[in-house]
Structure formats: C-alpha cells, structure tokens
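Coordinates in review
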Amino acid sequence: MNQKRIRDYGIIPGRMKPGKWNKITDVPGVLVGHSTIRTQENHTGVTVILPGRDNAFARNYVAASYVHNGFGKSCGLVQIDELGTLETPIALTNTLNVGLVWDAMAEYVIRQCKKDGVPVRSLNPVVGECNDSQINHIQKRAVKAEHVWEAIEGAKVDFEEGAVGAGAGTICYGLKGGIGSASRIVELYGKEYTIGVLVQSNFGATADLVLDGVRTGEKILEIKKKMDENQGQNNGMEASRLHDESVMDMACSCKEGPMAVSQCDKGSIMTILATDLPVSDRQLKRILRRSAVGIARTGAYTGHGSGEVMIGFTTANRVPSGTAEEPVTQTILHESLINQAFQAAAEAAHEAILNSMACAARTVGIDGEVYYGLGEFL
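Residues numbered from 1 in each chain as written. Predicted model: local features only at pLDDT ≥ 70, side-chain atom pairs only at ≥ 80, totals over all residues. Heavy atoms only, no water.

Attention shifts here to the state of the cysteines. A complete count under the given rule lists 0 disulfides for this structure. Cys130 takes part in no disulfide bond, and the closest cysteine sulfur to it belongs to Cys172, at a distance of 9.4 Å. Classification of Cys130 by relative accessible area gives buried; the value is 0%. (Disulfide = S-S within 2.5 Å. Buried < 20%, exposed > 50% of the residue type's maximum accessible area, 1.4 Å probe, protein only.)

We now examine helix 5 (residues 281–289). Where helix 5 is concerned, the buried positions are Gln283, Leu284, Ile287 and Leu288. Viewed along the axis of helix 5, the buried residues span an arc of 140°, placing them on a single side of the element. (Helix = DSSP H or I, 4+ residues; strand = E, 2+ residues; numbered from the N terminus. Arc of directions from axis to C-beta.)

With that settled, the discussion passes to the packing of helix 2 (residues 98–116) against helix 3 (residues 145–153). Contact geometry for helix 2 and helix 3: axes closest at 8 Å, N-to-C directions at 55°. The orientation of helix 2 relative to helix 3 falls into the category oblique. Where helix 2 crosses over helix 3, the two elements pack in a sense that is right-handed. Contacts between helix 2 and helix 3 pair Val101, Ala104, Met105, Glu107, Tyr108 and Arg111 from the former with Ala145, Val148, Trp149 and Ile152 from the latter. (Axes fitted to C-alpha atoms, helices over the stretch in contact; angles between N-to-C directions. Parallel < 35°, antiparallel > 145°, perpendicular 65-115°, else oblique. Left-handed = near helix turned anticlockwise from the far one by under 90°. Contact = heavy atoms within 4.5 Å.)

This part is about the layout of surface pockets. Of the volumes computed, that of the largest pocket is approximately 420 Å³. Along its surface, the largest pocket is lined by 23 residues, and Asn131, Gln134, Ile171, Lys266 and Gly267 are the ones closest to its centre. The class makeup of the residues in the lining of the largest pocket is 7 nonpolar, 12 polar and 4 charged. Estimates place the volume of the second largest pocket at around 250 Å³. Forming the walls of the second largest pocket are Arg53, Asp54, Asn55, Tyr108, Arg111, Gln112, Lys115, Asp116, Trp149, Ile152 and Glu153. Among the elements of the structure, helix 2 and helix 3 are those that each provide at least two residues to the lining of the second largest pocket. No other element matches helix 2, which puts 5 residues into the lining of the second largest pocket. Split by residue class, the lining of the second largest pocket holds 3 nonpolar, 2 polar and 6 charged. (1 Å grid on protein atoms, 1.4 Å probe; cavity = no way out; pocket = protein on both sides within 12 Å on 5 of 7 lines; lining within 4 Å. Points joined across faces, edges and corners; volume = space filled by probe spheres on them. Nonpolar A, V, L, I, M, F, W, Y, C, P; charged D, E, K, R; others polar.)

Moving on to empty space enclosed by the protein. Evaluation of the coordinates by the stated rule reveals 1 cavity of 30 Å³ or more. Its volume calculated, the largest cavity comes out at about 50 Å³. As for the largest cavity, its lining consists of Leu50, Pro51, Gly52, Arg53, Asp54, Ala56, Pro89, Tyr108 and Gln112. Across the lining of the largest cavity, the residue classes break down as 5 nonpolar, 2 polar and 2 charged.

Here the focus is the sheet that holds strand 5 (residues 90–94). Strand order across the open sheet formed by 4 strands is 1-2-5-6, with mixed pairing between neighbours. Sheet topology places strand 1 (31–38) and strand 6 (126–130) at the edges, where each strand pairs with a single neighbour. Within the sheet, the average angular offset between the axes of one strand and its neighbour, ignoring direction, is 15°. Here 8 bridges tie strand 1 to strand 2 (residues 43–50), and the two strands are oriented antiparallel to one another. The partner of Gly33 across the bridge, within strand 2, is Val48. Packing against the sheet, helix 2 makes contact with strand 2, strand 5 and strand 6, and its axis sits at approximately 150° to strand 5. Lying on the sheet, helix 3 is in contact with strand 1 and strand 2; it crosses strand 2 at an angle near 45°. (Pairing = 2+ DSSP bridges.)

Counting across every chain of the model gives 3 aromatic pairs. Residues Tyr372 and Phe377 carry aromatic rings whose centres are separated by 6.1 Å and whose planes lie at 75° to one another, so their mutual orientation is edge-to-face. On the basis of relative accessibility, which here comes to 1%, the residue Phe377 falls in the buried class. Directly above the aromatic system of Phe159 lies the positively charged group of Lys23, at a separation of 4.8 Å from the ring centroid. (Phe/Tyr/Trp six-rings, centres within 6.5 Å; stacked < 30°, edge-to-face > 60°. Lys NZ or Arg CZ within 6 Å of the ring centre and 35° of its normal.)

Within the structure shown, the criterion is met by 16 salt bridges. For Lys17, the salt bridge is made with Glu192, and the minimal N-O distance between the two is 3.0 Å. With Lys17 in the segment before strand 1 and Glu192 in strand 10 (residues 191–201), this residue pair connects regions lying 175 residues apart in the sequence. Judged by relative accessible area, Lys17 falls into the partly exposed class, the value being 46%. Glu41 is the salt-bridge partner of Lys140, the closest N and O atoms lying 3.7 Å from each other. Placement of Lys140 in the loop between strand 6 and helix 3 and of Glu41 in the loop between strand 1 and strand 2 is noted, with a sequence separation of 99 residues between them. Several salt bridges share partner residues, and in doing so they unite Arg7, Arg184, Glu347 and Glu351 into one network. (Salt bridge = Lys/Arg side-chain N within 4 Å of Asp/Glu carboxyl O.)

This is the structure:
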C-alpha cells in the first residue's frame, strides 16, 4: 500500500519493534476491509475487522471491552463484558448507521452458520461508531447492507488507512482523521507475539495536539491565524512545514475555503486491539486500558463529548460455542510478564492515531471549511 505514514516523516513513536506491516493485521489471521461512500452529500462508510476467516460464532475469541468515556452508541459490549468472548467480526461506521450495520452483520453470520451447519438462536454483533456529521450528511444514513458485505469480502492484510471506510468523514484535532493502525512485537518465552491496534479517529481540540514531543496544535493555530489575516489578499502563497524556521509562512493555498480547527475535545475514537498472546479476558482488559495512554500521548484529555471506546480480542484460547462436553482449558500469561503488553498497547495506539491523520487527505466539510491532512504540515 503506497501511503505516507507517520514514520515516513521521520517520526518514530515509542521504542518497541513493529511487526512486518506495522498494522493490526500483523496478528496472524486478522484481516481488515473497507467500503467507502463518497458522493456530493456523503463522505462515510464502514470498516470491518475480521479476527479470522473461519466462523467466530462456532469458535469464539476471548475478548474484552473498556469504555474510557461513554459518549457513544456502540453495540455488543455488554455481552463481551459478561462472557469475555467475541462471536462476530467487529464493524465500525458512523453514529446513525449502527443499527443498519448491526442488521447486516447479523445476516452475514446467520448465512455463515447456515453454511457450516451451526444453529443460531442468539447473536451478538459488535458495532462501534464515530460521529462524522461535520463532513458527512449523517441523517442520510448512507451505509447499507451491501457496503458491510463488500468490506467483509474485500478484507485483507495490507489495507488502506486515512479517509477510508468508517474514517471517510472523521476529524482528528481539527485536521482530517480516519482509520489508522500500528503494531508491536512482544518477546516472551523465547517466542514473538504481536499486539496490533486499529483506530477510527474523530477526537481532540487542535490546541492540544502533541507530535513528537512538540506542541504542534498551537503552531497550527498560528498558521490558521495568519491564513485568516491573509484571506482574500494572497491565496497562492507557498506551502510551509511545521519544522520551518517560521510557522507564519502559509501552510497551503486557502482558495477552497477557511481552514477548519476544533475548539474542544469531542467526537470520539474507536480503538480495536488484537493480539495472539495467550491471555484471559481479565488480562486482555488490563492491556486494552493502556490504549488510553496512547491517546493521551497525542495530547487529548478525553473531553465530555468524546467517546473513547476500546474493544480487544486474542486469537489464542479459542472457546467453542454451545455446551462443551469436556472442560475448556486455556493457557494464560503470567501476570509478572504483562508490562511488555502494556507498553505495546500504548505505543501501537499512539502510532495508529498518527497514521490515521498522516494518511488522510484534505477534505471539505459540509459548511465549506477545509480539514487539512496532517501530512501537509510535516
């Protein structure tokens, strides 16, 4: 996939080694697919994370969820918390499409189970969301069942990031947000394991953005101030970068409309964590909570209107559905070794957010304001 990610700009978040793709799909078996809708009225879509190609309903994944701030409309978290298992792929979309995506996910699993001869009398599709109404006419509810199935069928290892799928219309720190991913390698028992993270970024006040230890958001606001002062006077000034000596040079042409910024931290972030570590659902929840550290490293403080929802699963320790005739045994990580996983979750979440912004192209909002891509400033 030929996209410029955050490392291509010389910014290396954290100290741990990433996986081959530096994406959630470095966890063996995990696939990600998108369906993106771009019309005059809608910039939205759906992103689906498949833990594996086989039937998750027949053989559940150990799973956990953590709600850091509950301003969100996700489905399926209650049963994950109660049973510690995941029985469907995970879908991400916009706020008003959660129900429609849930229905399509249910239909997909029912068809899969019918083919496999597995009875279905109850089902818990997992759907997360972000509100993309600054760029997308969300009331149109443009995502349909065929988009969900398209995302599933097109799922792959080297997937696109940025303004695609569920990230087509999202905003991050007043810049264009989207889908981003990263991974980290954990070495335990003489073997390598992987922790991968995928985010749908849609949060943060511009002033709070921190990049590579620099208060980048404040510099972006200085650029906006200068652009506003020059609006209508000189619309064709040379592009600048944040590392230039003077951030007062124009960032880019402002012919399209006023540069957008976010005044407060709202809008949400969905975080999906995958691993092949042998962990219990309790341990997985502990690891998952460290994703919030990665979010904080970008500068956010978790505002009132921002829903920070995290869902995690491991491909180890599969659990057969139904009534087991024999006890299910699991191998789990010793608690004294869990720090590496904590660090990996924090680093991967941090880099995934930055990748979601670095890969996202400039987009015009509903009111004509321009949401610039982070890469334009780097």
